[in-house]
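# Coordinates in review
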Amino acid sequence: TSLHVIAYGADGIDEADDVAPAEVADWLHRHPVVWLNVVGLGSAEVLSTVGDTVGIHPLALEDVVSVHQRPKVEDYDDMLFVVVRMPCRERPHETEQLSLLVGDGFVVSFEELAGDCFDPVRERIRRGGGRIRERGPDYLAYALLDAVTDSYFPLLETLGDRLEDLEDETTSAPTPATVARLHRTKRELMHLRRAIWPLREVFATLQREETPTIAAGTRAYFRDCHDHVIQLIDLLENYREIAAGLLDVYLTNVSNRMNEIMKVLTIVATVFIPLTFLTSLYGMNFDRRSPWNLPELGWYFGYPICLAVMAAIGVAMVLYFRRLGWLGRRRREP
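Now for a look at the structure at hand. (Residues numbered from 1 in each chain as written. Predicted model: local features only at pLDDT ≥ 70, side-chain atom pairs only at ≥ 80, totals over all residues. Heavy atoms only, no water.)

## Re the sheet that holds strand β7 (residues 106–111)
This is how it is decided: DSSP bridges decide pairing: two strands pair if at least two such bridges lie between them. In this text, helices come from DSSP runs of H or I with a minimum length of four residues, and strands from runs of E with a minimum of two, each type numbered from the N-terminal end. Every axis in this analysis is a line fitted to C-alpha atoms, fitted for helices over the stretch in contact. Angles between the N-to-C directions lie between 0 and 180 degrees. By the convention used here, residues are in contact when the closest approach between their heavy atoms is within 4.5 Å.
One open sheet accounts for 7 strands, arranged β2-β1-β3-β7-β6-β5-β4; its pairing is mixed. Two strands lie at the open edges of the sheet, namely β2 (12–16) and β4 (72–75), each paired on one side alone. Strand after strand, the sheet turns through a mean of 15° between neighbouring axes, direction not considered. Summarising the sheet, strand β6 (residues 95–103) and β7 pair through 6 bridges and their orientation is antiparallel. Pairing of G103 across the sheet is with F106, part of β7. Each of β1 (2–9), β3 (33–39) and β7 touches helix α2 (residues 44–54); the most contacted strand, β7, lies at about 160° to it. Together, β1, β3, β5 (80–87), β6 and β7 form the strand contacts of helix α5 (residues 137–150), whose direction differs from that of β6 by roughly 170°.

## Remarks on the packing of aromatic side chains
For the record, the criterion: Whether two aromatic rings pair depends on their centres lying within 6.5 Å, for rings of Phe, Tyr and Trp, where Trp uses its six-membered ring; planes under 30 degrees apart make the pair stacked, over 60 edge-to-face, and the rest tilted. Only protein chains enter the calculation, and the probe is 1.4 Å; a residue is then buried if its accessible area is under 20% of its type maximum, exposed if over 50%, and partly exposed in between. Whether a charge lies above a ring is judged from NZ of Lys or CZ of Arg, which has to be within 6 Å of the ring centre and within 35 degrees of the ring normal.
In total, this model carries 7 aromatic pairs according to the counting rule given. Ring geometry for Y142 and F222: centres 6.0 Å apart, planes at 90°, overall edge-to-face. In this pair, Y142 sits in helix α5 while F222 sits in helix α8 (residues 216–281), placing the two residues 80 residues apart along the sequence. F222 shares its class with Y142; the two are buried. What links up through ring pairs into an aromatic cluster is the set Y139, Y142, F203, Y221 and F222. The ring of W27 carries the charged tip of R30 above its face, separated from the ring centre by 4.0 Å.

Below, the structure is given as structure tokens:
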């Protein structure tokens, strides 16, 4: 567990890495806004010290450690607790829990793993441009949640490109590897769906509920995040429908190929049915003393005539099947 602190105001900024838990209390009074970023949840002692220093509610601290929370917003009177899912940097299609505590003059963020999507926010604070250095901790919370929301767009764009490639592959030359990639893409979309859909409720609560922690002017910015989440949901559902449709197309292509194979085998077997009848008939070897016992066996050209009849029957059946459209292209109707 490591602590990173950025304290800032309109007139300056202080920043430090690997801050000791005992020094957190000193940082809380240096500037109007303090952002304490806690990376890693492995040290219960550090988390307990941070919780006691900042005044985190025990239930909120319990939810921070339980990393399988559904995205939600909880109001603890003087502190707002927000839980969302954030894409992992090392494994983009997996998510980690991000917990935010917004209080009077500070924001505490808890991350499961090192690496996040907050570098643009840090750069904005360091440059001092825009509104972030002039606003309070509620605007900082908005900037962090907005960064989390925007980090999902590149993931969906990557999945959209993959679905386009799978669409070309499915309609041209599908293989068992194609359906494996389709199933993997559907699982990733389902995983993102579980992380993105609850964000709609989170931002709806932040923009609708009046709390002392969130200023009235900041709630309008959460409305923008809510709009972004709606766009993400639309893209996500569209991609899920495309993935399901591609799976149906793959199964249809496989079924059609099997039907074509079965049709060819059936036609071959059908052609050989009368030929097999003739060969079995002349293979019974009855004696020729009776005029009814295969008199053709005594013909001089009996064998060539039998082969010619068999070939004629085969050719006639193939031409007939072709005329019906069972072989090659179907004959156009006049």
